[in-house]
Amino acid sequence: MEPDPALVAEARSALVREIEASGAWRDDPAWREAFEAVPRHLFVPYYYSAGSGGAHERLWGEDPDPERRARWVRGAYEDVPLATRVRDGELVSSSSQPSLMALMLTELRIRDGDRVLEIGAGTGYNAALLAHRLGDDHVTTVDLDPEITESARRHLAAAGHRPAVITGDGAVGCAERAPYDRIIVTCTLTSVPRLWLAQCAPRARILAPLATGLIALTVQDAEHAEGRFLHTPAYFVPLRGGTGAPHEPYIGGLPRRALQNELFRFLLELTAGSLDPHEALALWEREGRPVRERFGVSVRGRYEWAWLDDPEGPYAWPL
């Protein structure tokens, strides 16, 4: 059942205008063409909208009710994340907020001819945007869940793209299609998998969610990478596979004003397991409530740590 083409065109144009207004692709406006060309609704044939009482309402493109089908189209082109897989009441997979996707693609600093590895296939929409710009042969996307990779393949084919879609542990990467000039990650890390560095070309860029931020690493070689966080907050489902479960810091006794501050929560997440939360609060206040861009991550051989201001400075925490 094909959706109303006029409604799709109107909704897609509105989304592109909204992303444009956000400034997400200001540094690389070529991404506008990709978002204009790739139809998001093909990648979310159904999704779950939060209803009353925490219940999830399923909207889908084959609904016999024309009004609900129209809601599905309009929702598919809203600048919001869409829950696409809910298992036992928990979010398993989603289509990310398009303006955040545009920002991350821009921050990836793509060049013509780059080979890109995506960790976390999701719906396939991000891989389609990359394939539109670089060509199918230059894009590889990996996911641990075979149901996710199978549906991503179908969505990509419906949109006319056939990049490599691999079922496997994202923490392992995909050595058979290396080397990569760029790695983009759409799930939260607790540390940087070393195997990725070995699969990167020199000066490759890795962009990944870590804590509640986005770390942009420059890879020197198979043993060394370093970079700083972007200013942007980012919340993704955790990477399932080889990096382990995130630490949950005990926050009893911390003042509410601190816990409600998004930047302090970032510091808590980044230093969990390494820094007592009360020590983290003292540091945060002593250093003038530092913004994300003052923090970074270094990987040198088997050592990996986060830091404030300087990789060799006094504030550093192992990951």
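A few points on the structure. Fair warning: this is a prediction, and the values are worked out from it, not measured in the lab.

**Overview of the pattern of salt bridges**
(1) Moving on: This model, assessed by the stated rule, comprises 20 salt bridges.
(2) Moving on: In this structure, glutamate 262 engages arginine 292 in a salt bridge whose closest nitrogen and oxygen atoms are separated by 2.4 Å. Note that glutamate 262 is positioned in helix H9 (residues 262-271) and arginine 292 in the loop between helix H10 (277-286) and strand E12 (295-300), a separation of 30 residues in sequence.
(3) Moving on: For arginine 294, the salt bridge goes to aspartate 309, with nearest N and O atoms at 2.9 Å. With a gap of 15 residues between them, arginine 294 in the loop between H10 and E12 and aspartate 309 in the loop between strand E13 (303-308) and strand E14 (316-318) connect regions that are remote in the sequence.
(4) Moving on: With a relative accessible area of 24%, arginine 294 lands in the partly exposed category.
(5) Moving on: Judged by its relative accessible area of 34%, aspartate 309 falls in the partly exposed class.
(6) Moving on: Among the charged side chains, a salt-bridge network with shared partners connects Glu57, Asp63, Arg68 and Arg71.

**Here we look at the side chain of aspartate 143**
(1) Moving on: You can see aspartate 143 is positioned in strand E6 (residues 139-143).
(2) Moving on: Within polar-contact distance, the side chain of aspartate 143 engages the backbone nitrogen of alanine 121 at 3.1 Å.
(3) Moving on: Excluding residues that lie within four positions of it along the chain, aspartate 143 makes contacts with Gly120, Ala121, Gly122, Ile148, Thr149, Ile166, Thr167, Gly168 and Arg240.

**Some points on the packing of aromatic side chains**
(1) Moving on: Within this structure, the stated rule accounts for eight aromatic pairs.
(2) Moving on: Plain terms: the ring middles of tyrosine 46 and tyrosine 48 are 6.2 Å apart, the flat faces sit at 85° to each other, and that makes the pair edge-to-face.
(3) Moving on: For tyrosine 48, a relative accessible area of 22% puts it in the partly exposed group.
(4) Moving on: Relative to tryptophan 317, the ring of phenylalanine 295 lies with its centre 6.3 Å away and its plane at 35°, an arrangement referred to as tilted. Of this pair, phenylalanine 295 sits in strand E12 while tryptophan 317 sits in strand E14; the two residues are 22 residues apart in sequence, bridging distant segments of the chain. Grouping residues by exposure puts phenylalanine 295 and tryptophan 317 together as buried.
(5) Moving on: Above the face of the tyrosine 46 ring, arginine 58 is positioned so that its terminal group lies 4.4 Å from the ring centre.

**Some details on the side chain of arginine 182**
(1) Moving on: Take arginine 182: it is sitting in strand E8 (residues 180-185).
(2) Moving on: Here arginine 182 is in contact with Leu108, Arg109, Ile110, Arg111, Asp114, Arg115, Val116, Leu117, Arg203, Ala204 and Arg205, once residues within four sequence places are set aside.

**Focus on the packing of helix H1 (residues 5-22) against helix H3 (residues 66-76)**
(1) Moving on: Relative to each other, H1 and H3 sit at 30°, their axes nearing to 8 Å. Overall, the two elements H1 and H3 adopt an arrangement that is roughly parallel. As for how H1 packs across H3, the hand of that crossing is right-handed. For the pair formed by H1 and H3, the contact residues are Leu7, Val8 and Ala11 on the first element and Ala70, Val73 and Arg74 on the second.
(2) Moving on: Counted by class, the contact of H1 with H3 contains five nonpolar, no polar and one charged residues.

**Considering the nonpolar core**
(1) Moving on: Within the largest apolar cluster, 48 residues are counted, with the highest numbers of intra-cluster contacts made by Trp31, Phe35, Leu129 and Leu130.
(2) Moving on: Counting residues per element, the ones that place at least two in this core are H1, helix H2 (30-37), H3, helix H4 (98-107), helix H5 (125-134) and strand E10 (213-221).
(3) Moving on: Among the elements that take part in this core, H5 stands out by supplying seven residues, more than any other.
(4) Moving on: Counting residues in hydrophobic clusters, the runner-up holds 44 residues, among them Val192, Leu210, Ala280 and Leu281.

**Brief notes about the sheet that holds strand E7 (residues 164-167)**
The strands making up a sheet are joined through hydrogen bonds of the backbone, oriented either antiparallel or parallel.
(1) Moving on: Strands sit in the order E7-E6-E5-E8-E9-E10-E11-E12-E13-E14 across an open sheet of 10 strands; the sheet is mixed. If you trace the sheet from one side to the other, it starts and ends with E7 and E14, each paired once. Neighbour to neighbour, the strand axes of the sheet diverge by 20° on average, direction disregarded.
(2) Moving on: Inspection of the sheet shows E13 paired to E14 by three bridges, in the antiparallel sense. Within E14, the position partnered with tryptophan 305 by the bridge is proline 318.
(3) Moving on: Running at roughly 165° to E7, helix H6 (residues 146-158) makes contact with E6 and E7 of the sheet.

**Some points on unusual backbone geometry**
(1) Moving on: Note the cis peptide between alanine 178 and proline 179, where omega equals 5°.
(2) Moving on: Residue position: proline 179 is located in the loop between E7 and E8.
(3) Moving on: If you check the backbone angles, aspartate 309 has positive phi at about 75° while not being a glycine.

Definitions and cut-offs
- Residues numbered from 1 in each chain as written.
- Predicted model: local features only at pLDDT ≥ 70, side-chain atom pairs only at ≥ 80, totals over all residues.
- Heavy atoms only, no water.
- Salt bridge = Lys/Arg side-chain N within 4 Å of Asp/Glu carboxyl O.
- Helix = DSSP H or I, 4+ residues; strand = E, 2+ residues; numbered from the N terminus.
- Buried < 20%, exposed > 50% of the residue type's maximum accessible area, 1.4 Å probe, protein only.
- Polar contact = N/O pair within 3.5 Å; in protein donor to acceptor, adjacent residues only side chain to side chain.
- Contact = heavy atoms within 4.5 Å.
- Phe/Tyr/Trp six-rings, centres within 6.5 Å; stacked < 30°, edge-to-face > 60°.
- Lys NZ or Arg CZ within 6 Å of the ring centre and 35° of its normal.
- Axes fitted to C-alpha atoms, helices over the stretch in contact; angles between N-to-C directions.
- Parallel < 35°, antiparallel > 145°, perpendicular 65-115°, else oblique.
- Left-handed = near helix turned anticlockwise from the far one by under 90°.
- Nonpolar A, V, L, I, M, F, W, Y, C, P; charged D, E, K, R; others polar.
- Core = buried A, V, L, I, M, F, W, Y, C linked by side-chain atoms within 4.5 Å.
- Pairing = 2+ DSSP bridges.

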